[in-house]
Amino acid sequence: MSTRVPQPKSESLRKLYWRDEILQVLFWMEGEGFGDQADLKTLERFLGVEAEVIDRYLDVLVDEGYLDRIDTGEVALSDRGREDGGRIFAEEFADLTRPAHGECGPECWCHSSPEEAEACIEERLAGGRTQ
């Protein structure tokens, strides 16, 4: 999911790198409605590396409780994997999902009703500051 950067050279850091990449892409796929299970070919396509690289880490992720193996040979996020995948995904895209300068934060009343949202937009357009 993230912009491809060179893999770490040490195996321990490569393991963490691929854990994050695999969990993040599975979380994203599930959220986008592409399914909650994936095989090696699908992961290869979305991660942009050969299946052998990914396959090396799938058993580790299953053993550590991040993934469940399905009888079809596919993998799926476990509850732990979904939680961590969601966290990783949120951190990766945090700069894109935070309010921009001049936008309201989560505590603003405009999130509670259409009328408040309209008033908030009008106030912002008029140059006023919203809460």
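Each remark here, short or long, concerns the structure printed above.
Residues numbered from 1 in each chain as written. Predicted model: local features only at pLDDT ≥ 70, side-chain atom pairs only at ≥ 80, totals over all residues. Heavy atoms only, no water.

A. Spatial organisation of the overall build of the protein. Counting its secondary structure elements, the protein contains six helices and two strands. The 131 residues of the protein split such that 32% are buried. In the protein, the share of contacts with a sequence separation of at least 24, taken over all contacts with a separation of at least 6, comes to 44%. (Helix = DSSP H or I, 4+ residues; strand = E, 2+ residues; numbered from the N terminus. Buried < 20%, exposed > 50% of the residue type's maximum accessible area, 1.4 Å probe, protein only. Contact = heavy atoms within 4.5 Å.)

B. Local environment of the side chain of Arg-19. Tracing the backbone through its elements, the reader meets Arg-19 in helix 1 (residues 11-31). Taking the relative accessible area as the measure of exposure, Arg-19 reaches 19% and is therefore buried.

C. Region of the structure containing the pattern of salt bridges. Scanning the model with the defined rule gives eight salt bridges in all. Residue Glu-44 is joined to Lys-41 by a salt bridge in which the shortest nitrogen-to-oxygen separation is 3.4 Å. With Glu-44 and Lys-41 both in helix 2 (residues 40-47) and three residues apart, this pair spans about one turn of that helix. Overall, Lys-41 belongs to the exposed group, its relative accessible area being 55%. Via salt bridges that share partners, Glu-30, Asp-79 and Arg-82 belong to a single interconnected network. (Salt bridge = Lys/Arg side-chain N within 4 Å of Asp/Glu carboxyl O.)

D. Structural context of the nonpolar core. Core analysis: the biggest nonpolar cluster contains 21 residues, and Trp-18, Ile-22, Leu-26, Leu-43, Leu-47 and Leu-67 have the highest contact counts within it. It is helix 1 that provides the largest number of residues to this core, a total of seven residues. (Core = buried A, V, L, I, M, F, W, Y, C linked by side-chain atoms within 4.5 Å.)

E. Just a negative patch on the surface, in detail. Together, Glu-115, Glu-116, Glu-118 and Glu-122 make up a negatively charged patch on the protein surface. Position of Glu-116 relative to the elements: it lies in helix 6 (residues 114-125). (Patch = residues over 30% accessible without salt bridge, like charges linked within 9 Å, V, L, I, M, F, W, Y side chains within 5 Å. Areas by Shrake-Rupley, 256 points an atom, 1.4 Å probe, with all protein chains shown as cover. Lys, Arg positive; Asp, Glu negative; His and termini not counted. Charge placed at Lys NZ, Arg CZ, Asp CG, Glu CD.)

F. Looking closely at the packing of helix 1 against helix 4 (residues 79-92). At a minimum axis distance of 8 Å, the contact between helix 1 and helix 4 shows a crossing angle of 95°. Taken as axis vectors, helix 1 and helix 4 run roughly perpendicular relative to one another. When helix 1 is examined against helix 4, the residues Asp-20, Leu-23, Gln-24, Phe-27, Trp-28 and Glu-30 are found in contact with a partner set consisting of Gly-81, Arg-82, Asp-84, Gly-85, Gly-86, Ile-88, Phe-89 and Glu-92. (Axes fitted to C-alpha atoms, helices over the stretch in contact; angles between N-to-C directions. Parallel < 35°, antiparallel > 145°, perpendicular 65-115°, else oblique.)

G. Quick peek at helix 2. Listed in full, the buried residues belonging to helix 2 are Thr-42, Leu-43 and Leu-47. Along the axis of helix 2, the buried residues cluster in a sector spanning 115°; they form a single face. Across helix 2 from its buried face, at more than 90 degrees, point the exposed residues Lys-41 and Arg-45. Structurally, helix 2 contributes buried residues whose contacts are with helix 1, helix 3 (51-63) and strand 2 (75-77). Two residues or fewer past helix 2, Gly-48 is found with a positive phi of approximately 75°. (Arc of directions from axis to C-beta.)

H. Highlighting the packing of helix 1 against helix 2. For the pair helix 1 and helix 2, interaxial distance at closest approach is 11 Å and the crossing angle is 100°. For the element pair helix 1 / helix 2, the angle class is roughly perpendicular. Between helix 1, through Trp-18, Glu-21, Ile-22, Val-25, Leu-26, Trp-28 and Met-29, and helix 2, the contact on the second element is made entirely by Thr-42, Leu-43, Phe-46 and Leu-47. For the contact of helix 1 with helix 2, the class distribution of residues is nine nonpolar, one polar and one charged. (Nonpolar A, V, L, I, M, F, W, Y, C, P; charged D, E, K, R; others polar.)

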